[in-house]
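Observations on the three-dimensional arrangement
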Amino acid sequence: MKSLFKRYTPLQIAMHIYAWSALVHLLIDFFTDNLTANPIQALEQRTGRHAITLLVLSLACTPLNNLFGWRELIKRRRALGLYAFIYATIHVIIFIDLDYGLAWSLIIQTILEKPYILVGMLTFLMLIPLAFTSFNIWKVRLGKNWKRLHKLVYLIAPLAVLHYAWGKKGDFFRLQGEIILPLIYAVIVILLLITRIPPVRKTLASLRDRIVVLFRRREPVVE
Ligand code: HEM
């Protein structure tokens, strides 16, 4: 146990436990017949929600580091993004295989008929190059283009929220239907994207410096 804490930080352990717990929970519910009256829909919804949550968490790493100076978050960003991709892949496999039984013409018809599915597919297609180039070797190979490519996440996150909200068939303007959770995700993603705007980033950095100074002043002086 001691060596586990030596090799991994508490944040790292918490992140891996959180990421895997959803899959373990899902498998337990699957094998104990505990997945509601519509198990395929439940599987789709739960994997989709976990994918979007992990995506938002990976997007939150940089702003939280900017605000609180918690540098370890930057190191965890890639794993969170990869976990998001893994759950999105499981989500898509469930849709294609369990839900539509690999009936490709029907799948294509559904994608074209239901705009929220089309948005989901676009989101997934954009996630693929990000996941595959997230490793250091690609960072070196792509140089400046790596950063450019990974800026796609600013498009992916809002599209994922749109896919979520649209799929719920609620009415955002009248606040009707199951829109509360998608709305919470939308607000968080908007706030996280706002923090990337340079003047906002600067303000956050100066706020962080003030917080640090405040805490230093409170520290007792040891003679
Ligand atoms: C080819 C790509 C995709 C397809 C075909 C697809 C399909 C679906 C379907 C059919 C549902 C509705 C399940 C239901 O309520 O009956 C759904 C819901 C959802 N999907 Fe996707 N999806 C795709 C990509 C993604 C991606 C990339 C993400 C996130 C990163 C995502 C996140 C979600 C979320 C959060 C929900 C709502 C879960 C809930 O109702 O609580 N999807 N998706």
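This text follows the structure it describes.
Residues numbered from 1 in each chain as written. Predicted model: local features only at pLDDT ≥ 70, side-chain atom pairs only at ≥ 80, totals over all residues. Heavy atoms only, no water.

Let's talk about the layout of surface pockets
Quick note on the threshold: Both cavities and pockets are sets of points on a 1 Å grid over the protein atoms alone; in a cavity a 1.4 Å probe fits but cannot get out, in a pocket the set is open with protein on both sides within 12 Å along at least five of seven lines, and lining residues sit with an atom within 4 Å of a point. Grid points are joined across faces, edges and corners, and a volume is the space filled by probe spheres set on the points. Every helix listed is a DSSP run of H or I at least four residues long, and every strand listed is a run of E at least two residues long, numbered separately from the N terminus.
Roughly 1,000 Å³ of volume is contained in the largest pocket. Glu44, His91, Tyr116, Ile117 and His163 are, among the 37 residues lining the largest pocket, the residues nearest its centre. Of all the secondary-structure elements, those providing two or more residues to the lining of the largest pocket are α3 (39–68), α4 (72–99), α5 (104–113), α6 (115–132) and α9 (153–167). By residue number, the principal contributor to the lining of the largest pocket is α3, which donates nine residues.

Quick look at the packing of α4 against α6
The condition is simple: Every axis corresponds to a line fitted to the C-alpha atoms, with the helix fit spanning only the stretch in contact, and the corresponding angles, defined between N-to-C directions, vary from 0 to 180 degrees. Comment on the angle field: the value is read as roughly parallel under 35 degrees, roughly antiparallel over 145, roughly perpendicular from 65 to 115, and oblique elsewhere. Rotating anticlockwise by less than a right angle from the far helix to the near helix defines a left-handed crossing, while the corresponding clockwise rotation defines a right-handed one. Between two residues, a contact is recorded if the distance between any of their heavy atoms is within 4.5 Å. For this classification, Asp, Glu, Lys and Arg are treated as charged, while Ala, Val, Leu, Ile, Met, Phe, Trp, Tyr, Cys and Pro are nonpolar and the rest, including Gly, are polar.
The N-to-C vectors of α4 and α6 enclose an angle of 140°; their axes lie 10 Å apart at closest approach. In terms of axis orientation, α4 runs oblique to α6. Classified by chirality, the crossing of α6 by α4 is left-handed. On the side of α4, the interface is formed by Leu82, Phe85, Ala88, Thr89, Val92 and Phe95, while α6 contributes Ile117, Phe124, Leu127, Ile128, Ala131 and Phe132. Partitioning the contact of α4 with α6 into residue classes produces eleven nonpolar, one polar and no charged.

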